[in-house]
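These are the residues of each chain, in order.
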Amino acid sequence: QERIIIVGAGQAGGELAAGLRKQGYPGRVVLLGDEAHPPYQRPPLSKGFLQGKVALADLYLKPLATYERFDIEFKPGTRVEAIDRSTREISLRDGSRLGYDKLVLATGGRARPLSLPGLDTARPENLFAMRSILDVEAMRGRFVPGNRLVIIGGGYVGLEVAAVAVQLGLRVTLLEAAPRLLSRVTGPEVSSFIEQLHRERGVEFRLSCEVRGLELDEARRQVRGVDVACHGVPERLEADLVLVGIGLIPNTELASAAGLAVDNGILVDEYACTADPAILAIGDCANQPSAYTGGRIRLESVPNAIEHARVAAATLMGKREPSTAIPWFWSDQYGLKLQMVGLSTGYEQCVTRGSAERKEFSAFYLKGGRVIAADVMGRPAEFMAAKKLVSSRAEVDVTRLGDAAVPLTSLAA
Ligand code: FAD
């Protein structure tokens, strides 16, 4: 019987295993993951789960029993160490080997560590990353009122943790190296909106801020403070805990050690295949051609993991169904829904709509008179229409686009 092995039991791996069965795949499906849990959703980690509002079992994509019911051989706590492409076998940490007919790498990524002298030897107990259930379980006990939390990195994860932390009564300072928040993914209008949203709740910011070092206690087990320089001015910030949220490193080592091409992710074609016809890669770890940008792209989002798993399932079923999906993403901060579609890189004009004060605010990014991306905050009803504007690449009347009284749906030509 043919055997498909999926390495990585995260969002993409979990979706693919179930997707294969839903499409009637008759062979063996083996799902190997090095975490202790069945595939789970990571978005609530920095939101409801950290806040204590979402229970562990509610993170799971499917209850454990479903894998058995779907005849998916799911093995948690199983780390794949190497791929032998000549024999079509993988080796596990316990030394055993497993043969495959098709192998899918869905290995995701790991939190980028802070690189500071001395940190490689010391592993302070109150220095955290935010990637897994284990990470949240490790930090949760310190999320108590009055504790001083320093967050390094003003991306979505850092901002979501800041929101949860101030709501739990912590004193939060967020450090960002760039002059504004989310500078790689949004325009200045949205950065200011988000900064204001957090400032109103008491989050303090240090922008254009360089982290120079961590001050550790004598045993080198606890961080006591963070030494920074903001706009070049040195400052020491006291800390009871520190969260590092400075991005993700894709887990590509298995692929590169097996001689597969890697360049900011495992290189795959539009069908999720690597150059080895027996090996596919999906989700955060994969770098794929994008029908939307015309170039290559590596995305870190749930919608992408789901879509990429769908493409891979089709490929494995002998069909060819490349993705035409447009990248989109969401975030939740203080109960406000932030939804983003498209990529704003290279935009020429930003048109805003709605009111930042009322927390109903959208920003549309235009290039050549067409909407290439949109950030929609607190207006979920508008998001579908914004998605349509981006996907149709419609030319729009800028004045009408900026007028919240004009329905967005009437703008899509
Ligand atoms: P992952 O979910 O990371 O799964 C990969 C799995 O593979 C992991 O379990 C890993 O341990 C395992 N693995 C790696 N190497 C091996 C190996 N050698 N052997 C066995 N197992 C291995 N996206 C959104 O769209 N909206 C959000 O609001 C949002 N919020 C997020 C908040 C947080 C805190 C985080 C961390 C992510 C968030 N994301 C969000 C991103 C989203 O969760 C990821 O894009 C998605 O999980 C990617 O799925 P994946 O399967 O590619 O990778």
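In what follows, the structure referred to is the one given above.
Residues numbered from 1 in each chain as written. Predicted model: local features only at pLDDT ≥ 70, side-chain atom pairs only at ≥ 80, totals over all residues.

Peer 1: In this structure, what is going on with unusual backbone geometry? I would like to understand it.
Peer 2: Phi at S208 takes a positive value of approximately 45 degrees, unusual for a residue other than glycine. Along the chain, S208 falls in the loop between β12 (204–206) and β13 (209–216). Positioned with a positive phi, R220 is a non-glycine residue whose angle comes to about 60 degrees. Inspection of the secondary structure puts R220 in the loop between β13 and β14 (223–230). Under the C-beta neighbour-count criterion, R220 is labelled partly exposed, with 14 such atoms within 10 Å. (Helix = DSSP H or I, 4+ residues; strand = E, 2+ residues; numbered from the N terminus. Buried ≥ 20, exposed ≤ 12 C-beta atoms within 10 Å, placed from the backbone.)

Peer 1: Is there a simple way to think about the sheet that holds strand β16 (residues 241–244) in this case?
Peer 2: Picture the strands of a sheet paired through backbone hydrogen bonds; they go either parallel or antiparallel. The strand order β9-β16-β10-β11-β12 describes an open sheet built from five strands, whose pairing is parallel. Single-partner strands in this sheet number two, and they are β9 (127–128) and β12. Direction of pairing for β9 relative to β16: parallel, over a ladder of two bridges. Of the residues in β16, the one forming a bridge with F128 is L243. (Pairing = 2+ DSSP bridges.)

Peer 1: Help me understand the nonpolar core, please; the structure alone is not making it clear to me.
Peer 2: I151, V242 and A374 are the most contacted members of the largest nonpolar core, which totals 72 residues. Apart from residues lying up to four places away in sequence, V242 is in contact with N126, L127, V150, I152, V223 and V226. Counting 45 residues, the second largest nonpolar core, distinct from the first, contains V7, A12, L105 and A272. (Core = buried A, V, L, I, M, F, W, Y, C linked by C-beta atoms within 7 Å. Contact = placed C-beta atoms within 7 Å.)

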